[in-house]
Amino acid sequence: METKSIRLHSHLLSLPVYQPGRPLEEVARELGLPFEQIIKLASNENPLGPSPKAVEAMKEALDSCHLYPDGNAYYLKEKLASKLGVLPANIILSNGSNEVIEWVGHTVLDSESNIVVSQYCFAIYPLVARMFGASVKTVAARNHSHDLKGMLNQIDGATKAVFIANPNNPTGTMVTHEELNQFLEAVPSEVLVVMDEAYIEYLEHPIDLISDIQSGRYSNLLVMRTFSKIYGLAGLRLGYGVAPRHIIGAMEKVRQPFNANALAQAGALAALDDQEYIRQSRELNRQGVTQLQDGFTELGLEFVPSFANFVLVRVGEGMKTFARMQEQGVIVRPMDAYQLPEWIRISAGTREQNAKCLTVLRQVR
Ligand SMILES: *Cc1c(COP(=O)(O)O)cnc(C)c1O
């Protein structure tokens, strides 16, 4: 039989597939261990589990799941808008904040254009750019963090977007308010600046860029946030973008009509009301990051001090350490894909999970 190949977009030929943290079930199956004996500290999930209020709200919403969700997510947008001090028209809900990154591709990228990112940036930015045939200008990191001046210098006439995660994943670093404001003032207004704030809620004193969107100070700024991290709802796939109306309006054109499902909307609405859960999560995380970092110091391991809910730690042979820890029932994240082969990334878990993780790390070294 003759097999003919479909004529794939040429820029997809060399594009790798994103490798997420390994799922618990998969590793349990492989090791022949019960699910409960395995700890996943690989995807920066909230170790407290979801807010009980969110779970309750989703149970109630189940009875209506024969109906399409509100495609405009009226109540959730209203609640977010009043919490953030913007209008609902400044908000777009997404199937995880990863979907917002894809919309940047749909709205501004093509094979003639480029994006500017930092070395050790979140892996999805370059993947999405290449998916749309755009090229990627990567600026060397400084102390594992963004070199914003260097990034500014790389912006050229073909640059359509710059991506900055603050705090950054996988390094956990943060840029200062002053550096960021200087950068935002200097970026040409035709270039979209995407600020990825997936971990912003972990900070005690975060930089407030949303008020700069509200005031009109930056017309080219898009802030991305998510319910996957501190809100503990990663499995629901819900994130959002906040931006001036003209940017949101463009993204609404490429959004699938029912991308934010009904359970996610119900869960998120309730989770936003459970600020005690958020406070507890932030506190648990502060203790967890300290516990991990103290443990690494004791083991004599170099790490990057973290502002988020994970720590990047240098173990020598990252892939081997990852594999050995996994055999002992602790899933962490190898960093080969980030060109950090000597490092692994460990999410902060509960006190017990962190302790087990450190014990296992000591054993496998
Ligand atoms: C986890 C993470 C996200 C969130 O992804 P979702 O699609 O919302 O689950 C976005 N950006 C960064 C840098 C992240 O680490």
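Residues numbered from 1 in each chain as written. Predicted model: local features only at pLDDT ≥ 70, side-chain atom pairs only at ≥ 80, totals over all residues. Heavy atoms only, no water.

### Some thoughts on the site of the ligand
Near the ligand the following residues occur: Gly96, Ser97, Asn98, Phe122, Asn169, Asp196, Ala198, Tyr199, Thr226, Ser228, Lys229 and Arg237. Asp196 is positioned such that a nitrogen or oxygen atom in its side chain is 2.6 Å from a nitrogen atom of the ligand. Residue Thr226 places a side-chain N or O atom 2.6 Å away from an oxygen atom belonging to the ligand. Compared with its free state, where it exposes 390 Å², the ligand has 94% of that area covered by protein. With respect to the pocket detection grid, the ligand is positioned in the largest pocket. Here the residues of the shell around the ligand are counted per class, giving three nonpolar, six polar and three charged. (Near = heavy atom within 4 Å. Polar contact = N/O pair within 3.5 Å; in protein donor to acceptor, adjacent residues only side chain to side chain. Areas by Shrake-Rupley, 256 points an atom, 1.4 Å probe, with all protein chains shown as cover. 1 Å grid on protein atoms, 1.4 Å probe; cavity = no way out; pocket = protein on both sides within 12 Å on 5 of 7 lines; lining within 4 Å. Sits in = over half its atoms within 2 Å of the grid points. Nonpolar A, V, L, I, M, F, W, Y, C, P; charged D, E, K, R; others polar.)

### A few points about the pattern of salt bridges
Per the counting criterion, the structure on display carries 18 salt bridges. Among the salt bridges present, the one from Arg217 reaches Asp212, with a minimum N-O distance of 3.6 Å. Take Asp212: its relative accessible area is 9%, and that puts it in the buried class. The salt bridge involving Glu342 is made with Arg314; its shortest N-O contact spans 2.8 Å. With Glu342 in the loop between β12 (333–334) and β13 (343–347) and Arg314 in strand β10 (residues 310–314), this pair connects stretches of sequence that are 28 residues apart. For Arg314, a relative accessible area of 32% corresponds to the partly exposed category. Among the charged side chains, a network of salt bridges with common partners joins Arg22, Glu26 and Glu30. (Salt bridge = Lys/Arg side-chain N within 4 Å of Asp/Glu carboxyl O. Buried < 20%, exposed > 50% of the residue type's maximum accessible area, 1.4 Å probe, protein only. Helix = DSSP H or I, 4+ residues; strand = E, 2+ residues; numbered from the N terminus.)

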